[in-house]
Amino acid sequence: MKNENDLFDISAEFLLNYLYPESTDRWQVDCAGTFYRNYSPDVLSVDPEHRVVRLARDSFLRLLPQGVIAQDNALKGKNFEQKYEQLKRKEELLLDLFRPVDTLAFRSRLHVERQTAQLLQEKTAFLLKRYFHYDIEKEENPYIRQTAPLLLYVSRLRADFGFVRNLLELLFDCEVKMMTGRYSWEEGAEYTQPAVEYQLIVSRLTAEAYDELTRTIEPFREFICEWFIPFDTHCTIAVKYHDQPFVLGDGLVLDYNTEIDPLSSLNPNMDS
């Protein structure tokens, strides 16, 4: 599992292109200095309204020789505080002078990052089509489209039921319960097969919203079963809201937030 500190490694170019793809040529840059990189991420702050980003990077001003800003003995002698304030003011003016240069350089890197991301996306689409015979460009299901690039790593992810649970939590932004056990087509049958069930805990769905979500999940479930679940394992993905306090006036949807028999939710062939 990744450490939260890994978020510090996300570059400003990647982050801003992802969050604000339409604003590549509108950003203004304020370089605070690489000193902040010791304990801060690359992006110190973002003002999306005025399109100003503050970075933990050095300005081009740092490329100037030291004597341009101040002599080595500039703070010696009397009136130290006054001399220091004068130097800080001079540095602020020079930073303002170099801000257009920093901004143009940053915008250039934004374009390079976008082109790189596009090339990688095209590379992924090519590999999926060439080696997996899967055309992601024709995929309409949003959940399959987000999952398809992981086919490149399917040899390591197949049969990792915990990974599938984590994937479902991220895609559907909800709690996901996982149960593994055995499955048989008929109760008391002699032969059974391995089984895994994922329950998406989604609250306050109307009957219409529940039907729409389950229709969207079914092709996604088939995709997951084909690529990430062993062929001999029975896999189900269901939307549930059981074991929650019922509020008077809420609609009842069978097998979602209500059951005919309280014990019917327990599959005798499934182990929690």
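Scroll up for the structure.
What counts and how
- Residues numbered from 1 in each chain as written.
- Predicted model: local features only at pLDDT ≥ 70, side-chain atom pairs only at ≥ 80, totals over all residues.
- Heavy atoms only, no water.
- Helix = DSSP H or I, 4+ residues; strand = E, 2+ residues; numbered from the N terminus.
- Buried < 20%, exposed > 50% of the residue type's maximum accessible area, 1.4 Å probe, protein only.
- Contact = heavy atoms within 4.5 Å.
- Polar contact = N/O pair within 3.5 Å; in protein donor to acceptor, adjacent residues only side chain to side chain.
- Salt bridge = Lys/Arg side-chain N within 4 Å of Asp/Glu carboxyl O.
- Patch = residues over 30% accessible without salt bridge, like charges linked within 9 Å, V, L, I, M, F, W, Y side chains within 5 Å.
- Areas by Shrake-Rupley, 256 points an atom, 1.4 Å probe, with all protein chains shown as cover.

1. Details of the environment of E22
Phase 1: Mapped onto the elements of the fold, E22 is located in the loop between α1 (12-19) and β1 (28-31).
Phase 2: With a relative accessible area of 51%, E22 lands in the exposed category.
Phase 3: Sequence-distant contacts of E22, that is, excluding residues within four places in its chain, are made with R51 and R114.
Phase 4: In this structure the side chain of E22 is engaged in a polar contact, spanning 3.3 Å, whose partner is the side chain of S23.
Phase 5: Of the polar contacts made by the side chain of E22, one reaches the side chain of R51; its length is 3.5 Å.

2. Notes on the pattern of salt bridges
Close approach of charged atoms allows side chains of opposite charge to pair.
Phase 1: Inspection of every chain in the model, using the stated rule, returns 10 salt bridges.
Phase 2: E218 serves as the salt-bridge partner of R221, at 2.9 Å between the closest nitrogen and oxygen. You can see R221 and its partner E218 sitting in helix α7 (residues 207-227), three residues apart, about one turn around the helix.
Phase 3: Several salt bridges converge on common partners, so that one network encompasses E13, D42, R57 and R109.

3. Quick word on the side chain of N141
Phase 1: On the secondary structure map, N141 appears in the loop between α3 (80-132) and α4 (142-147).
Phase 2: Of the polar contacts made by the side chain of N141, one reaches the backbone nitrogen of I144; its length is 3.2 Å.
Phase 3: Setting aside anything within four residues of it in sequence, one finds N141 in contact with T216, P219 and F220.

4. Overview of a nonpolar patch on the surface
Phase 1: Residues F14, Y18 and L19 make up a contiguous nonpolar surface patch of roughly 370 Å² in combined accessible area.
Phase 2: Its place among the elements puts Y18 in helix α1.
Phase 3: On the basis of relative accessible area, Y18 is assigned to the exposed category, the value being 64%.

5. Here's the deal with unusual backbone geometry
What is expected of a backbone is that most residues other than glycine have negative phi and most peptide bonds are trans.
Phase 1: Positive phi, close to 55 degrees, is recorded for H133, a residue that is not glycine.
Phase 2: Of note, H133 is situated in the loop between α3 and α4.
Phase 3: Non-glycine residue A159 carries a positive phi angle of around 75 degrees.
Phase 4: Relative to the elements of secondary structure, A159 occurs in the loop between α5 (154-157) and α6 (161-172).

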